[in-house]
Amino acid sequence: MRFKSYEEMKKHYSDDDICTLCNIKQIVFYAKNRVQPLLLDEGWDGKLLAIYDIQETKNVWEIWKSQKH
């Protein structure tokens with residue numbers, strides 16, 4: 001499920017169920033591994049934020065941690 005706003009997403013997910021990334025290399029890595037964010041937003045200083053369902057990112061997170069970036 002994809003959302004149009006942060007408020008809409010928060011109706012379905014708690015803070016414990018989501019992770020927010022602003023590292024563009026990690027966001028691209030997740031996309032290449034077919035993990036899509038629940039929401040893309042603009043964060044502090046205009047940076048891209050990608051908000052993910054933690055359950056969907058577990059396997060890709062392990063791969064990311066094992067590689068040097």
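Okay, so let's go over this structure. For clarity, every value in this text was computed on a predicted model and none was experimentally measured.

1. A look at the overall build of the protein chain
Right, on to step 1. The helix and strand tally for the protein chain stands at three helices and three strands.
Right, on to step 2. Reading the helices (α) and strands (β) of the protein chain from amino to carboxyl end gives α-β-α-β-β-α.
Right, on to step 3. Since a compact globule built from 69 residues should have a radius of gyration of about 11 Å, the 12 Å found for the protein chain is in line with a globular shape.
Right, on to step 4. Once the C-alpha set of the protein chain is aligned to its principal axes, its extents read approximately 35 × 30 × 20 Å.
Right, on to step 5. The burial tally for the protein chain puts 32% of its 69 residues in the buried class.
Right, on to step 6. Long-range contacts, defined as pairs at least 24 residues apart, comprise 59% of the intrachain contacts of the protein chain with a sequence gap of at least 6.
Right, on to step 7. In the protein chain, which carries 11 positive and 11 negative side-chain charges, the distance between the mean positions of the two groups comes to 9 Å.

2. Observations regarding the nonpolar core
Right, on to step 1. In terms of nonpolar packing, the biggest core is built from 10 residues, these being Cys19, Leu21, Ile27, Phe29, Tyr30, Val35, Ala50, Tyr52, Val60 and Trp64.
Right, on to step 2. Listed by contribution, the elements that provide at least two residues to this core are strand E1 (18–21), helix H2 (24–32), strand E3 (48–53) and helix H3 (54–66).
Right, on to step 3. Sort the elements by how many residues they give to this core and H2 lands first, with three residues.
Right, on to step 4. Those residues within four positions of valine 35 in sequence are excluded, and the remaining contacts are Tyr30, Tyr52, Glu56, Thr57 and Val60.
Right, on to step 5. If you look at the next biggest cluster of nonpolar residues, it comprises seven residues, including Phe3, Tyr13, Ile18 and Leu38.

Rules of the game
Residues numbered from 1 in each chain as written. Predicted model: local features only at pLDDT ≥ 70, side-chain atom pairs only at ≥ 80, totals over all residues. Heavy atoms only, no water. Helix = DSSP H or I, 4+ residues; strand = E, 2+ residues; numbered from the N terminus. Rg over C-alpha atoms; globule rule 2.2 N^0.38 Å. Buried < 20%, exposed > 50% of the residue type's maximum accessible area, 1.4 Å probe, protein only. Contact = heavy atoms within 4.5 Å. Lys, Arg positive; Asp, Glu negative; His and termini not counted. Charge placed at Lys NZ, Arg CZ, Asp CG, Glu CD. Core = buried A, V, L, I, M, F, W, Y, C linked by side-chain atoms within 4.5 Å.

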